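Fold and contact review
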Amino acid sequence: MKKNFDVIITGAGIIGLSIALQLARRSTLRILVLEKGAAVGEGSTGASSAVCRFRYTLNDMVALARDGIHAYRHWNEFTGLKQPAAQFQNDGVLWIPGDDRNWADAEHARMAELNVATEVLDAAEQKERFPALSTCTVAPDLVTGEPHDCVSASRSLLELDGGHIDPAAAAQDLVDACRARGVEVRFRARVSEIETSDSGIRAVLLEDGSRIPAQLLINAAGPWCNDLYRAAGLDSGWDLVPTRIQVLYLDCPESVPGNIPVSVDFQGGIYFRTQNRGRQLVVGSVLEDDEKEAVADPDHFNRLHDDDFMYTKLHALSHRIPRLPNRGQVRGYCGLYTVNRDDIHPIVGKTAVDGFWVANGFSGHGFKLAPAIGSMMARAITGASSEFDTDVPIDFFAVDRRPIDIAMKSVLA
Ligand SMILES: Cc1cc2nc3c(=O)[nH]c(=O)nc-3n(C[C@H](O)[C@H](O)[C@H](O)COP(=O)(O)OP(=O)(O)OC[C@H]3O[C@@H](n4cnc5c(N)ncnc54)[C@H](O)[C@@H]3O)c2cc1C
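In this text, all values refer to a predicted model and were calculated from it rather than measured experimentally.

1. As for the site of the ligand
The ligand sits among 38 residues. The nearest are Glu 35, Ser 44, Thr 45, Val 51 and Lys 368. In the complex, the protein chains occlude 97% of the 1000 Å² of accessible area that the ligand would expose alone. Secondary-structure elements contributing two or more residues to the shell around the ligand are helix 1 (14-26), helix 2 (44-47), strand 13 (240-251), strand 17 (330-340) and helix 10 (366-382). Tallied by class, the residues present in the shell around the ligand amount to 19 nonpolar, 14 polar and five charged. When residues of the shell around the ligand are assigned to domains, at least three fall in each of domain 1 (7-86 + 166-238 + 342-397) and domain 2 (93-160 + 241-339).

Put into structure tokens, the structure is as follows:
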């Protein structure tokens, strides 16, 4: 086991591991990743729906999503692994915006300028391509559950290159790819203290009492990130809140016809995608109201879903997939977003403490962005470029930036 490292990264989630790999791709730095869990997937990454969609309000976010998803789409090449465990599922991402007749066309034009391939589908085209999905533009009544006469008039946007990938398998691939390039990844290694001096970071102390000297420490601790700010004696200046997020799983029987893309249903306030070769649905919320439950201790929170959440989302889902039988087992679980309540975007880069870098506050965006965030950080640290780099400047997420002015503060920001 090596004793000296140039860079220590705290957290083997998708962000920490992407930074480690992106550093190793372009440098000979001695890199150590410390993870308190026994395996990958301890934090947000393990619970992630890992939807890889492109559309965001800000063009820089679209570019970052595009560059991150490019890595997932070329996973063997990106990781350098011959047989990675994860494989990108290119199901497409369908945005169903409700009764706004202009939204899809305007977004189609914007995406084209950002090199994102999309198509606009009218109701007939959507029905032909995805027969399971209703083309209704009337919002379901999620309060009373009263049915309505559906109006088939949707004009939807299909992101052709979108999809999803197994998040835990992708994280394990990154561990393997990092180790193959000489990065040391240690599990059951919780950073409990950080030693600093006037000149910045000096060392990290682990829970087992060991001390590892460090001049460059990266906080990629996901929902636990505030503990590391405190340990470094720093106030991040941002309201980074571990937030309980619910997701449901249910069977999708063969009687539901055709392929189901990753779908974002504005009227129902839900997103969904399939897994297990289309035989299971994963359903989550896109509503800001479902992203408000702060968790005091990320090690202890309610991991079971709420009945209210389940009934409302199932009602929205059955409106969008009318052939879905009203029976079968529904399971739910909860994971944690780290919501940046100031502007819903992450903070990435240097801090006021020399040698203390951060990549935190990814809300529901971090999975798809991770390879591009890794590129931003690695380029800023080493000054060197590599394949799979993004052109979006790291200053976009600077810790000392002003909050971004954005109307929608949910996962759909
Ligand atoms: C339910 C859910 C659905 C989501 N869906 C999507 C989606 O569809 N698309 C998308 O792009 N994003 C999605 N996200 C968001 C995305 O998953 C996260 O933004 C991303 O996983 C954050 O990764 P991370 O590496 O920052 O954090 P984490 O995965 O939480 O990793 C941090 C790691 O640091 C470790 N750690 C913490 N403190 C210490 C310490 N002191 N010492 C050592 N190790 C430590 C933790 O154990 C953890 O493993 C979703 C998230 C959730 C919860």
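2. A closer look at the environment of Glu 387
Looking at the secondary structure, you find Glu 387 in the segment after helix 10. Sequence-wise, Glu 387 and Arg 25 are 362 residues apart; in three dimensions their C-alpha atoms are separated by 8.7 Å. Apart from the residues lying within four places of it in its own chain, the contact partners of Glu 387 are Gln 22, Arg 25 and Glu 77.

3. Details of the packing of aromatic side chains
Scanning all chains against the criterion turns up ten aromatic pairs. Seen from their ring centres, Trp 95 and Trp 103 are 6.1 Å apart, and the 40° between their planes marks the pair as tilted. Each member of the pair, Trp 95 as well as Trp 103, carries the same accessibility label: buried. Here a set of aromatic residues connected by ring pairs shows up, and it is made of Tyr 72, Trp 75, Phe 78, Phe 367 and Phe 388.

4. Some points on the domain arrangement of the protein
Domain annotation of the protein identifies domain 1 (7-86 + 166-238 + 342-397) and domain 2 (93-160 + 241-339). Computed from C-alpha atoms alone, the centre-to-centre distance between domain 1 and domain 2 is 29 Å. Domain 1 puts 27 residues into the contact, and the matching count from domain 2 is 25 residues. Both sides of the domain 1 and domain 2 interface together cover about 2100 Å² of buried area, and 58% of this is carbon and sulfur. In terms of surface lost to domain 2, no three residues of domain 1 exceed Ser 49, Arg 55 and Pro 223, which account for 28% of the buried area on that side. Connecting domain 1 to domain 2 are three salt bridges. One salt bridge connects Arg 190 with Asp 299, and the closest N-O pair in it is separated by 3.0 Å. Taken together, the links from domain 1 to domain 2 amount to 15 residue pairs in polar contact (both at pLDDT 80 or more). Elements with a minimum of two residues in the side of domain 1 that touches domain 2: helix 2, strand 3 (51-52), helix 3 (59-73) and helix 8 (225-231). Looking at which element gives the most residues to the side of domain 1 that touches domain 2, the answer is helix 3, with three residues.

5. Re the environment of Ala 132
With respect to the element layout, Ala 132 can be found in the loop between helix 6 (123-129) and strand 6 (155-159). Assessed through its relative accessible area of 1%, Ala 132 is described here as buried. Separated by 124 residues in the primary sequence, Ala 132 and Val 256 place their C-alpha atoms 6.0 Å from one another. If near-sequence neighbours (up to four positions away) are discounted, Ala 132 is found in contact with Val 256, Pro 257, Ile 260, Arg 320, Ile 321 and Pro 322.

6. Thoughts on the sheet that holds strand 4 (residues 93-96)
Across the sheet, eight strands lie side by side as 5-6-4-14-15-16-13-17; this open sheet has mixed pairing. Looking at which strands have only one partner, the edges of the open sheet turn out to be strand 5 (118-122) and strand 17. Along the sheet, successive strands turn relative to each other by an average axial angle of 20°, direction set aside. Alignment of strand 14 (residues 262-265) against strand 15 (residues 270-275), held across three bridges, turns out to be antiparallel. Looking at the pairing, Ser 263 lines up with Phe 272 of strand 15. Where helix 5 (residues 103-113) meets the sheet, it contacts strand 4, strand 5 and strand 6, and its direction lies at approximately 25° from that of strand 6. Against the sheet, helix 9 (residues 307-320) contacts strand 4, strand 13, strand 14, strand 15, strand 16 (280-285) and strand 17, and its axis sits at roughly 55° relative to strand 13.

Criteria and thresholds
- All residue numbers refer to positions counted from 1 along the written sequence of the respective chain.
- The model is predicted, so local features are restricted to residues of pLDDT at least 70 and side-chain atom pairs to those at 80 or more, both for listing and for counting; the totals for chains, interfaces and linings are taken over all residues.
- No hydrogens and no water enter the side-chain calculation; it runs on all heavy atoms of the structure.
- Neighbouring residues are identified by heavy atoms, a residue being near a molecule or strand if any of them is within 4 Å of it.
- We get accessible surface area from the Shrake-Rupley algorithm with a probe of 1.4 Å; when it comes to residues, only the shown protein chains can shield them.
- To qualify as a helix, a DSSP run of H or I must reach at least 4 residues; to qualify as a strand, a run of E must reach at least 2; elements of each kind are numbered from the N terminus.
- Side-chain classes are defined by residue name, with Ala, Val, Leu, Ile, Met, Phe, Trp, Tyr, Cys and Pro counting as nonpolar, Asp, Glu, Lys and Arg as charged, and the others, Gly among them, as polar.
- Residue ranges labeled as domains rest on an automatic or database domain assignment.
- Throughout, a contact is declared for two residues whenever any of their heavy atoms are within 4.5 Å.
- Between rings of Phe, Tyr and Trp, where Trp is taken as its six-membered ring, a pair exists when centres lie within 6.5 Å; planes separated by under 30 degrees are stacked, by over 60 edge-to-face, and by other angles tilted.
- Accessible area is worked out with a 1.4 Å probe on protein chains only. A residue is then buried under 20% of its type maximum, exposed over 50%, and partly exposed in between.
- Computed with a 1.4 Å rolling probe, the buried area is the accessible surface lost when two parts are put together, summed over both parts.
- What counts as a salt bridge is simple: a side-chain nitrogen of Lys or Arg found within 4 Å of a carboxyl oxygen of Asp or Glu.
- Think of a polar contact as two N or O atoms within 3.5 Å of one another; within protein, one of them needs to be a possible hydrogen donor and the other a possible acceptor, and neighboring residues in sequence only count if both atoms come from side chains.
- DSSP calls a pair of strands paired once it identifies at least 2 bridges connecting them.
- In this analysis, axes come from line fits to C-alpha atoms, helices being fitted only over the stretch in contact, and the angle between any two N-to-C directions falls in the range 0 to 180 degrees.

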